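Observations on the model geometry
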Amino acid sequence: MRTPRPAVTAARPETLRLFYAIFVPPELRPPLEEAQRRLKGFRNWKATPPEQLHLTLMFLGEVPRRRLDEAVQVGAVVARRVAPFTLHLGGTGYFPPDGTPRVWFVKAEGAGLEPLAAGLREALPDLGDPKPFKAHITLARRKGPAPRVGPVVFDLEFGVGEITLVQSELSKQGSRYRVLQRFELKGREE
C-alpha cells in the first residue's frame, strides 16, 4: 500500500528580487529595437525585450518580504525630493569596456539621475549593488562567445515624471517584470 503524498501548496517566497527603475516610454522603443536588430545572426547576444527597456536606478537584489513596505516608503520619499527632468540617450557602450563584453547598453544622462540613485542608496545602504551608479539602458546581454556590435549613436530624449519599484522573477524564458509601485517626481522636500 502506498503512503499518500502531502498536498503541495505554492508557498510565497520569503524574498523578492527588486529594483527601482525608469522605463523607456513605448514611443521611444522603435529606434532602440532597430539597433537591437544588428544582433541578428549573433546567437549569443540576448536582446532585452522592448517592454522591459529601462534604466536601473538601484538594484536591491533579494529583499526580505518584510522589508517591502520600507522599499515602497523610500521610493516615495526620494521621488518627492527630485523634480521631473529630461533623460537624454546617447551612444552605445559595453560592460566591461575592454575585453569580452557582457552587456551592450545605451548611455543615459539627466539632471535627476544622480539625486535619485544617491538618495535611494543612502536610504537603503545595506541593500543593492555596491558598484558606482552608471546611467544606462541595457540593449542586450551576452550568453556565450559573441562579437562586439558596431557603435550606434542616438539623439533621443524623454521626460521623466516617475520612477517605479519593480519585482523581477527569474525563469528559463528570462526575467519577468512586475511594477509594484509608481512614485511621482515632485521636486520638493516634505
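Residues numbered from 1 in each chain as written. Predicted model: local features only at pLDDT ≥ 70, side-chain atom pairs only at ≥ 80, totals over all residues. Heavy atoms only, no water.

**Observations concerning the overall build of the protein chain**
Counting its secondary structure elements, the protein chain contains three helices and nine strands. Listing the helices and strands of the protein chain from first to last along the sequence gives β-α-β-β-α-β-β-α-β-β-β-β. Based on the C-alpha atoms only, the size of the protein chain along its principal axes is roughly 70 × 50 × 30 Å. Within the protein chain, buried positions represent 41% of all 190 residues. Considering only contacts within the protein chain whose residues lie at least 6 apart along the sequence, 78% involve residues at least 24 apart. With the model as given, the accessible surface of the protein chain reaches about 11,500 Å², and the carbon-plus-sulfur share is 51%. (Helix = DSSP H or I, 4+ residues; strand = E, 2+ residues; numbered from the N terminus. Buried < 20%, exposed > 50% of the residue type's maximum accessible area, 1.4 Å probe, protein only. Contact = heavy atoms within 4.5 Å. Areas by Shrake-Rupley, 256 points an atom, 1.4 Å probe, with all protein chains shown as cover.)

**Digging into the packing of aromatic side chains**
Tallied over the full model, the rule gives three aromatic pairs. When the ring of Phe 19 is compared with that of Tyr 177, the centres are 5.1 Å apart and the planes differ by 70°; the resulting orientation is edge-to-face. With Phe 19 in strand β1 (residues 15-23) and Tyr 177 in strand β9 (residues 176-184), the pair connects residues that are 158 residues apart, well separated along the chain. Each ring, one from Trp 45 and one from Tyr 94, has its centre 6.2 Å from the other, and the planes form 45°; the classification is tilted. (Phe/Tyr/Trp six-rings, centres within 6.5 Å; stacked < 30°, edge-to-face > 60°.)

**Observations concerning unusual backbone geometry**
Peptide bonds are, in most cases, trans, and in most cases residues other than glycine have a negative phi. The step from Phe 95 to Pro 96 runs through a cis peptide bond, and the omega angle for that step is -15°. Looking at the element boundaries, Pro 96 is found in the loop between β4 (85-95) and β5 (103-109).

**Some details on helix α1 (residues 29-36)**
Burial in α1 covers these residues: Arg 29, Leu 32, Ala 35 and Gln 36. Along the axis of α1, the buried residues cluster in a sector spanning 120°; they form a single face. As for α1, its buried residues are in contact with β2 (45-47), β4, β5, β6 (136-142) and β7 (153-160). (Arc of directions from axis to C-beta.)

**Comments concerning the pattern of salt bridges**
For the structure shown, the criterion picks out five salt bridges. Across the pair Arg 37 and Glu 34 runs a salt bridge whose closest N-O atoms are separated by 3.0 Å. A salt bridge links Glu 70 to Arg 67; the shortest N-O distance between them is 2.7 Å. Exposure remark for Glu 70: the relative accessible area of 32% places this residue in the partly exposed category. (Salt bridge = Lys/Arg side-chain N within 4 Å of Asp/Glu carboxyl O.)

**So, the environment of Arg 176**
Take Arg 176: it is sitting in strand β9. Assessed through its relative accessible area of 48%, Arg 176 is described here as partly exposed. Distance in space between the C-alpha atoms of Arg 176 and Ala 76 is 23 Å, their sequence separation being 100 residues. Sequence-distant contacts of Arg 176, that is, excluding residues within four places in its chain, are made with Gln 52, Gln 167, Ser 168, Glu 169 and Ser 171.

**Considering the environment of Gln 73**
Note that Gln 73 resides in helix α2 (residues 68-81). Judged by its relative accessible area of 47%, Gln 73 falls in the partly exposed class. For the pair Gln 73 and Arg 176, spaced 103 residues apart in the sequence, the C-alpha separation amounts to 23 Å.

**Some points on the nonpolar core**
Core analysis: the largest hydrophobic core is formed by 50 residues, its most contacted members being Tyr 20, Ile 22, Leu 57 and Trp 104. With residues near it in sequence (within four places) discarded, Leu 57 still touches Tyr 20, Ala 21, Ile 22, Leu 113, Leu 116, Ala 117, Leu 120, Phe 133 and Ile 163. (Core = buried A, V, L, I, M, F, W, Y, C linked by side-chain atoms within 4.5 Å.)

**Things to note about the confidence of the model for the protein chain**
Averaged over every residue, the pLDDT of the protein chain is 91; residues scoring 70 or more account for 93%. Counting interchain partners and residues more than four positions distant, the pLDDT-below-50 stretch residues 6-10 has zero contacts. (pLDDT = per-residue confidence, 0-100.)

**A closer look at the packing of α2 against helix α3 (residues 113-123)**
The N-to-C vectors of α2 and α3 enclose an angle of 140°; their axes lie 9 Å apart at closest approach. As for the relative orientation of α2 and α3, their crossing is right-handed in sense. Taking contact as the criterion, the partners of Val 74, Gly 75, Val 78 and Ala 79 in α2 are, on α3, Pro 115, Leu 116, Gly 119, Leu 120 and Ala 123. Residue composition of the contact of α2 with α3, by class: seven nonpolar, two polar and no charged. (Axes fitted to C-alpha atoms, helices over the stretch in contact; angles between N-to-C directions. Left-handed = near helix turned anticlockwise from the far one by under 90°. Nonpolar A, V, L, I, M, F, W, Y, C, P; charged D, E, K, R; others polar.)

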